[in-house]
Amino acid sequence: DDKYSIEIYITMIINEKTYKMERINALGMNAFIEYFGPVGFKCTNVEYHESTGRIASMTFEATEY
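Here's what I pulled together on the structure shown here. (Residues numbered from 1 in each chain as written. Predicted model: local features only at pLDDT ≥ 70, side-chain atom pairs only at ≥ 80, totals over all residues. Heavy atoms only, no water.)

## Notes on the overall build of the chain
Within the chain one finds one helix and four strands. Secondary structure elements of the chain, listed N to C terminal, follow the sequence β-β-α-β-β. Judged by the C-alpha coordinates and their principal axes, the chain covers about 40 × 20 × 15 Å. For the chain, the residues scored as buried account for 20% of the 65 residues in total. Looking at the chain alone, contacts between residues at least 24 apart form 44% of all its contacts between residues at least 6 apart. Carbon and sulfur atoms provide 49% of the accessible area of the chain, an area that totals close to 4900 Å². Taking the average location of the 6 positive side-chain charges in the chain and that of its 10 negative ones, the two points are 3 Å from each other. (Helix = DSSP H or I, 4+ residues; strand = E, 2+ residues; numbered from the N terminus. Buried < 20%, exposed > 50% of the residue type's maximum accessible area, 1.4 Å probe, protein only. Contact = heavy atoms within 4.5 Å. Areas by Shrake-Rupley, 256 points an atom, 1.4 Å probe, with all protein chains shown as cover. Lys, Arg positive; Asp, Glu negative; His and termini not counted. Charge placed at Lys NZ, Arg CZ, Asp CG, Glu CD.)

## Considerations on helix H1 (residues 21-36)
In this model H1 runs just 14 Å from its N-terminal to its C-terminal C-alpha over 16 residues, more than 12% under the 22 Å that 1.5 Å per residue would give. Taken as a whole, H1 carries its principal kink of about 100° at Gly28. Buried within H1 we find Ile24, Phe32 and Phe36. Buried residues along H1 sit against strand S1 (7-12), strand S2 (17-20) and strand S3 (41-48). (Expected span 1.5 Å × (residues − 1). Bend = angle between axes of the 7 residues up to and from the residue.)

## What about the sheet that holds S3?
Here four strands make up an open sheet; going across it, the order is S2-S1-S4-S3 and the pairing mixed. Looking at which strands have only one partner, the edges of the open sheet turn out to be S2 and S3. Ignoring which end each strand starts from, the neighbouring axes of this sheet average 20° apart. Set on the sheet, H1 makes contact with S1, S2 and S3; between it and S2 the angle comes to about 110°. (Pairing = 2+ DSSP bridges. Axes fitted to C-alpha atoms, helices over the stretch in contact; angles between N-to-C directions.)

## Details of the pairing of S2
When S1 meets S2, the two strands line up antiparallel, connected through four bridges. Bridge pairing links Ile10 to Tyr19 in S2. The antiparallel hairpin formed by S1 and S2 contains four residues in its connecting segment, where Glu16 sits at a positive phi of about 55°.

Put into structure tokens, the structure is as follows:
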């Protein structure tokens, strides 16, 4: 919903593309962890819901491969 939902985005350095966490989850979280478990990530963006002030979305970027 527009008040309490949180969208997570992952930006990969290997192809410079950003993916929604739901897409990664649909393709298989175990495979993502297997391939990218040792990769470091940093939070590069946080956006907030205007009506509640709660986090609306976060973007994480891979820092290494």
